[in-house]
Amino acid sequence: MDVTDALTPVVTIGLNRNSSSFDYSMTELNNLVEANNMTVAETLVQKLDKPDPATYFGKGKIEELKQVVIDDGVATIVANDELSPSQIRNIEKATNARIIDRTGLILEIFANRAQSREAKLQVELAKLKYQLPRLHTSASQRLDQQTGTASGAGGATNRGAGESQYELNRRTLEKRITHVNQELKEASKADQTKRKQRDQSDIPTVALVGYTNAGKSTVMNGLIKLLGEDEDKQVLVKNMLFATLDTSIRRLTLPDQKTFLLSDTVGFVSQLPHQLVQAFKSTLSEAANADLLIQVVDGSDPHRDLMMKTTEDTLNEIGVTNMPMIVALNKADKQDIAYPTREGDNLIMSAMDDASLTTLIDMIKEKVFKNYQTISLLIPFSKGEVVSYLNDNTNILKTEYKDDGTLITSELNETDAKRLEKYRV
Ligand SMILES: Nc1nc2c(ncn2[C@@H]2O[C@H](COP(=O)(O)OP(=O)(O)OP(=O)(O)O)[C@@H](O)[C@H]2O)c(=O)[nH]1
Ligand SMILES: [Mg+2]
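Just so it is clear, the model here is predicted, and its values are computed rather than measured.

1. Section: the site of ligand 1
Okay, step 1: Contacts to ligand 1 come from 24 residues, most closely from K216, T218, A243, T244 and D333.
Okay, step 2: Within the side chain of T212, an N or O atom sits 2.9 Å from an oxygen atom of ligand 1.
Okay, step 3: Here S217 contributes a side-chain N or O atom positioned 2.9 Å from an oxygen atom of ligand 1.
Okay, step 4: For ligand 1, whose free accessible area comes to 660 Å², the fraction covered by protein is 90%.
Okay, step 5: With 3 residues, the top contributor of residues to the shell around ligand 1 is helix α7 (residues 216–226).
Okay, step 6: Each residue belonging to the shell around ligand 1 can be placed in one class, and the counts come to 9 nonpolar, 10 polar and 5 charged.

2. Observations regarding the coordination of the magnesium ion (ligand 2)
Okay, step 1: At the metal site, the magnesium ion (ligand 2) is ligated by S217 (OG) and T244 (OG1), and these contacts range over 2.0 to 2.1 Å. Residue S217 is found in helix α7, and its partner T244 is found in the loop between α7 and β6 (248–253); the two are separated by 27 residues along the sequence.
Okay, step 2: Residue classification places S217 among the buried residues on the basis of a relative accessible area of 9%.
Okay, step 3: Of the residues examined, T244 reaches a relative accessible area of 14% and is grouped as buried.

3. Here we look at the side chain of T212
Okay, step 1: For T212, the location among the structural elements is in the loop between β5 (205–210) and α7.
Okay, step 2: A distance of 2.7 Å separates the side chain of T212 from the backbone nitrogen of F242, its partner in a polar contact.
Okay, step 3: Setting aside chain neighbours within four positions, we find T212 in contact with M240, L241, F242, G267, F268 and V269.

4. What about the confidence of the model for the protein?
Okay, step 1: Of all residues in the protein, 91% have pLDDT values of 70 or greater, and the mean over the chain is 87.
Okay, step 2: Within the model, the stretch residues 144–157 combines pLDDT values under 50 with 21 contacts to residues more than four positions away or in other chains.

5. Observations regarding the environment of T374
Okay, step 1: Note on placement: T374 falls in strand β12 (residues 373–379).
Okay, step 2: Distance in space between the C-alpha atoms of T374 and A338 is 35 Å, their sequence separation being 36 residues.
Okay, step 3: Not counting chain neighbours up to four residues away, the residues in contact with T374 comprise L397, T409, S410 and E411.

6. Focus: the packing of aromatic side chains
Okay, step 1: Summed over the entire model, instances satisfying the criterion amount to 4 aromatic pairs.
Okay, step 2: Residues F260 and F369 carry aromatic rings whose centres are separated by 6.5 Å and whose planes lie at 65 degrees to one another, so their mutual orientation is edge-to-face. Residue F260 is found in strand β7 (residues 259–264), and its partner F369 is found in the loop between α11 (354–368) and β12; the two are separated by 109 residues along the sequence. The same class applies to F260 and to F369, which are both buried.
Okay, step 3: One aromatic cluster in this structure is built from F260, F369 and Y372.

7. Topic: unusual backbone geometry
Okay, step 1: Of note, the bond from Y339 into P340 is cis; its omega dihedral lies within 30 degrees of zero at -5 degrees.
Okay, step 2: Tracing the chain through its elements places P340 in the loop between β9 (325–330) and β10 (341–343).
Okay, step 3: In this structure, N96 takes a positive phi of about 65 degrees despite not being glycine.
Okay, step 4: Locating N96 in the fold gives a position in the loop between α3 (85–95) and β4 (98–101).
Okay, step 5: At F242, a residue that is not glycine, the phi angle is positive and equals roughly 60 degrees.
Okay, step 6: Its place among the elements puts F242 in the loop between α7 and β6.
Okay, step 7: Assessed through its relative accessible area of 1%, F242 is described here as buried.

8. Describing the sheet that holds strand β13 (residues 395–402)
Okay, step 1: Strands sit in the order β12-β14-β13 across an open sheet of 3 strands; the sheet is antiparallel. Every interior strand has two partners, whereas the edge strands, β12 and β13, have only one. Pairwise comparison of adjacent strand axes, ignoring direction, gives a mean angle of 15 degrees for this sheet.
Okay, step 2: Pairing of β13 with strand β14 (residues 405–412), which is carried by 7 bridges, proceeds in the antiparallel orientation. From the neighbouring strand, Y401 faces β14, where its bridge partner is T406.

9. Side note on the side chain of T55
Okay, step 1: Turning to its location among the elements, T55 is positioned in the loop between β2 (38–47) and α2 (59–72).
Okay, step 2: Residue T55 is classed as buried on the basis of its relative accessible area, which comes to 18%.
Okay, step 3: In contact with T55, not counting residues within four places along its chain, are I62, Q87, N90 and I91.

10. A closer look at the pattern of salt bridges
Close approach of charged atoms lets side chains of opposite charge pair.
Okay, step 1: The final tally for this structure, using the stated rule, is 22 salt bridges.
Okay, step 2: Between R98 and E108 there is a salt bridge, with the nearest N and O atoms lying 3.4 Å from each other. Here E108 lies in helix α4 (residues 102–113) and R98 lies in strand β4, a separation of 10 residues in the sequence.
Okay, step 3: According to the relative accessible area criterion, R98 is partly exposed, its value standing at 41%.
Okay, step 4: Look at the salt bridges and you will find they share partners, linking E167, R170, R171 and E174 into a network.

Conventions we followed
Residues numbered from 1 in each chain as written. Chains lettered and ligands numbered in written order. Predicted model: local features only at pLDDT ≥ 70, side-chain atom pairs only at ≥ 80, totals over all residues. Heavy atoms only, no water. Near = heavy atom within 4 Å. Polar contact = N/O pair within 3.5 Å; in protein donor to acceptor, adjacent residues only side chain to side chain. Areas by Shrake-Rupley, 256 points an atom, 1.4 Å probe, with all protein chains shown as cover. Helix = DSSP H or I, 4+ residues; strand = E, 2+ residues; numbered from the N terminus. Nonpolar A, V, L, I, M, F, W, Y, C, P; charged D, E, K, R; others polar. Donors = N, O, S within 2.8 Å, 3.2 Å for Na, K, Ca; no water. Buried < 20%, exposed > 50% of the residue type's maximum accessible area, 1.4 Å probe, protein only. Contact = heavy atoms within 4.5 Å. pLDDT = per-residue confidence, 0-100. Phe/Tyr/Trp six-rings, centres within 6.5 Å; stacked < 30°, edge-to-face > 60°. Pairing = 2+ DSSP bridges. Axes fitted to C-alpha atoms, helices over the stretch in contact; angles between N-to-C directions. Salt bridge = Lys/Arg side-chain N within 4 Å of Asp/Glu carboxyl O.

Written out as structure tokens, the structure is:
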């Protein structure tokens, strides 16, 4: 059996409001569909200035959609925009197929991918917030199983019963939202403690950010390998949207002993549901607390400018502004250009290429280790532990043995320089 046989076929639909990025957004929708283990049987597009308030598509196009659903034998339609509850209900009624809008689709992908407890809670919170305003469409419906809050009295026909069912559903959702919020708060408290410890350790932190599938995790793995770190520090890389949902942080040590923390996190996509952005705020705050951002861009993608804009808009939405940033225009090996090529804070590179990664490391060094000073220290022989510390943690340029101690010239960060000031010569 062909693998694709197992995938659910869907029809994707979209409204072209004469935007230059429309074709791209449809391509991306189809990629999102595939990322959710479904396959696109057909795509229907209509040119309209604005969606029909009742049915999204116009009347004639809805008829066409109905026919396509029958001809292709599909049971699911995926829309490129967020739909109103009544649009969903009306299209479902007209076509007899289930409809998922763009927001719902992204939420489904995230729900299927979330691994850690925190990511699961964040996704659940986003889903609940998405469902809440949509509840009144399903006044007489049970809540879906995934919220784990199914309630009785299904199929109530009179208005009064429907309303109380709605009330019951709404209260159940709200209760669950409060509960999940509470659990998340506790989880993020633990995160903050960890972050505090890291901040105090004075190790610079660098965060990889960018559009989904740009190559962030590949850059992380490339650096881990190049620096001779353990293979088991590697993270998941996949040619698929949203391969990474959980943040991974790795401590990397350069040949000259300088260390920094590198974090890899969830990627962005256009029209990322704001419920998700909000829910992932704590995951993304890794970026907010970094000393340096590396924005990884798929430089070979014709839509890379749009992807960069989306990344910057999303960072702004979570309050990350004016951060020092290196822009890594990745996947140069797929293009006919020379690499690595450095232009200021931009680097044309390939995550598969050691020379590119070496240049990237040089750029990181310039940015995050700029406060290092070269200092000479005379350490008395009785203070062997200080010499060991310097050996293990700093880049020693010269060691000489004098009558009254060991004279060491090394590169020190501000904290060490201050702490060891008394040995300075
Ligand atoms: N040719 C080429 N492919 C690359 C390069 N960097 C990454 N890729 C491929 O691009 C795909 C996505 O890479 P990832 O590292 O998973 O991308 P990501 O940015 O972490 O994506 P998400 O976790 O989904 O946000 C994988 O198939 C990689 O092998 C590169 O420099 N050149
Ligand atoms: Mg990734």
